[in-house]
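Reading the structure
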Amino acid sequence: MSDDQTARQETFRALLRAQRVWDLPSLPSFDPDAAPDTPLELFHHWFGEAAAAGQREPHTMTLATVDDEGRPDLRTLMLHDADARGWHFASHSTSAKGRQLAARPEAALGFYWAAQGRQVRVRGTVTTGTATEGQADLHARSTGALAAALTGRQSEVLSSRAELARASEAAWERAEAEPDAPVPTWTLYVLRPREVEFFQGDARRRHVRLRYRRTENGWERELLWP
Ligand SMILES: Cc1cc2nc3c(=O)[nH]c(=O)nc-3n(C[C@H](O)[C@H](O)[C@H](O)COP(=O)(O)O)c2cc1C
């Protein structure tokens, strides 16, 4: 390694070691005995608390999928809803994730709400909404979201940024002129949870982990060692 590389590595390590986690004046307490019967209810509750605590973009989450060689993949997405059907998100069916989900409709979602030291993990099977639902989801969103979807070709190799600029310009013009423009590949996905884990961080590392597991008789709850 050159002197420059060594110095950069040292700077990086010093900065990394200076970072702290669960270092807030106070973290919320979480009593798992008082938790609701369903993970959906607790998720709605925690989401509201994350937003109220000033957590930025609490609706962003990590979606993990598996490719056809069994290799995990992940990316950040926006949560579009969470209801009795499951956790909703949307993307192009032709993207890498879309192809992975078509081949293997199993996924996991992760939320991290640092403002409260909370994490939520959701695992389950993914189904697609109808074409009408996909288009309704898209047209309920911003002009920018429609322009991005109209630009298309997500996850394909881009030959130059100028090509993107041209496609994006045309997509914006169309999105502004035609707010109901269809994007046939835009798909609503719904992850039906099999298990959902709620993690409440604790400064003394006595973290609370509550896992809900779907059974024939409804949701079972169990605590996990941190
Ligand atoms: C904050 C944030 C939100 C995003 N939301 C979405 C989304 O809702 N849908 C989507 O297709 N991509 C979204 N993306 C882009 C994805 O992270 C990803 O780059 C893209 O979907 C391609 O992923 P893939 O190649 O694994 O299919 C978002 C990215 C960020 C950083």
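Summarised in this report is the structure supplied together with it. (Residues numbered from 1 in each chain as written. Predicted model: local features only at pLDDT ≥ 70, side-chain atom pairs only at ≥ 80, totals over all residues. Heavy atoms only, no water.)

The subject of this paragraph is the layout of surface pockets. Taken as a whole, the largest pocket spans an internal volume of roughly 530 Å³. Those elements giving two or more residues to the lining of the largest pocket turn out to be strand 2 (72-78), strand 4 (86-92), helix 5 (143-151) and helix 6 (161-177). Considering every element that reaches the lining of the largest pocket, the biggest residue donor is helix 5, with four residues. Per-class residue counts for the lining of the largest pocket are 11 nonpolar, nine polar and four charged. (1 Å grid on protein atoms, 1.4 Å probe; cavity = no way out; pocket = protein on both sides within 12 Å on 5 of 7 lines; lining within 4 Å. Points joined across faces, edges and corners; volume = space filled by probe spheres on them. Helix = DSSP H or I, 4+ residues; strand = E, 2+ residues; numbered from the N terminus. Nonpolar A, V, L, I, M, F, W, Y, C, P; charged D, E, K, R; others polar.)

Attention shifts here to the packing of aromatic side chains. A complete count under the given rule lists 11 aromatic pairs for this structure. On the numbers, 5.4 Å between centres and 20° between planes, the contact of Phe 89 with Tyr 189 is stacked. On the criterion of sequence distance, the pair formed by Phe 89 in strand 4 and Tyr 189 in strand 7 (residues 186-200) is long-range, its members being 100 residues apart. The burial state of Phe 89 is the same as that of Tyr 189; both residues are buried. Both rings, one in Phe 198 and one in Tyr 212, keep their centres 5.7 Å apart while their planes meet at 75°; by these two values the pair is edge-to-face. (Phe/Tyr/Trp six-rings, centres within 6.5 Å; stacked < 30°, edge-to-face > 60°. Buried < 20%, exposed > 50% of the residue type's maximum accessible area, 1.4 Å probe, protein only.)

Right, let's talk about the side chain of His 88 for a bit. Note that His 88 resides in strand 4. Look at His 88 and you get buried, because its relative accessible area is 6%. A distance of 2.9 Å separates polar atoms of two side chains, one belonging to His 88 and the other to Asp 83. Once you skip the residues sitting within four places of it in the chain, His 88 turns out to touch Met 61, Met 78, Leu 79, His 80, Asp 81, Ala 82, Asp 83, Leu 188, Tyr 189 and Val 190. (Polar contact = N/O pair within 3.5 Å; in protein donor to acceptor, adjacent residues only side chain to side chain. Contact = heavy atoms within 4.5 Å.)

Take the site of the ligand next. Taken together, Thr 60, Arg 75, Thr 76, Leu 77, Met 78, Ala 90, Ser 91, Ser 95, Ala 96, Lys 97, Gln 154 and Ser 155 form the complete shell of residues around the ligand. Between the ligand and Ser 95, the relevant distance is 3.4 Å, taken from an oxygen atom to a side-chain nitrogen or oxygen of the residue. Interatomic distance of 2.6 Å between a side-chain N/O atom of Lys 97 and an oxygen atom of the ligand. Burial of the ligand by the protein amounts to 66% of the accessible area it has alone, namely 620 Å². Within the residue set of the shell around the ligand, elements represented by two or more residues are strand 2, strand 4 and helix 3 (96-103). Grouping the constituent residues of the shell around the ligand by class yields four nonpolar, six polar and two charged. (Near = heavy atom within 4 Å. Areas by Shrake-Rupley, 256 points an atom, 1.4 Å probe, with all protein chains shown as cover.)

Relative orientation of the contacting elements helix 5 and helix 6 amounts to 130°, with a least axis distance of 8 Å. By the angle between their directions, the pair helix 5 and helix 6 is classed as oblique. When you trace helix 5 past helix 6, the crossing you get is right-handed. Here Thr 143, Gly 144, Leu 146, Ala 147, Leu 150 and Thr 151 of helix 5 come into contact with helix 6, specifically with Leu 164, Ala 167, Ser 168, Ala 171, Trp 172, Arg 174, Ala 175 and Glu 176. Residues that form the contact of helix 5 with helix 6 fall into these classes: eight nonpolar, four polar and two charged. (Axes fitted to C-alpha atoms, helices over the stretch in contact; angles between N-to-C directions. Parallel < 35°, antiparallel > 145°, perpendicular 65-115°, else oblique. Left-handed = near helix turned anticlockwise from the far one by under 90°.)

Another point: unusual backbone geometry. Positive phi is not limited to glycine here, since Arg 153 has a value of about 60°. Mapped onto the secondary structure, Arg 153 falls in the loop between helix 5 and helix 6. For Arg 153, a relative accessible area of 52% puts it in the exposed group. Of note in this structure, Arg 205 is not a glycine but carries a positive phi near 65°. Mapping Arg 205 onto the fold places it in the loop between strand 7 and strand 8 (208-215). Its relative accessible area of 45% is what places Arg 205 among the partly exposed residues.

Geometry only, nothing functional implied.
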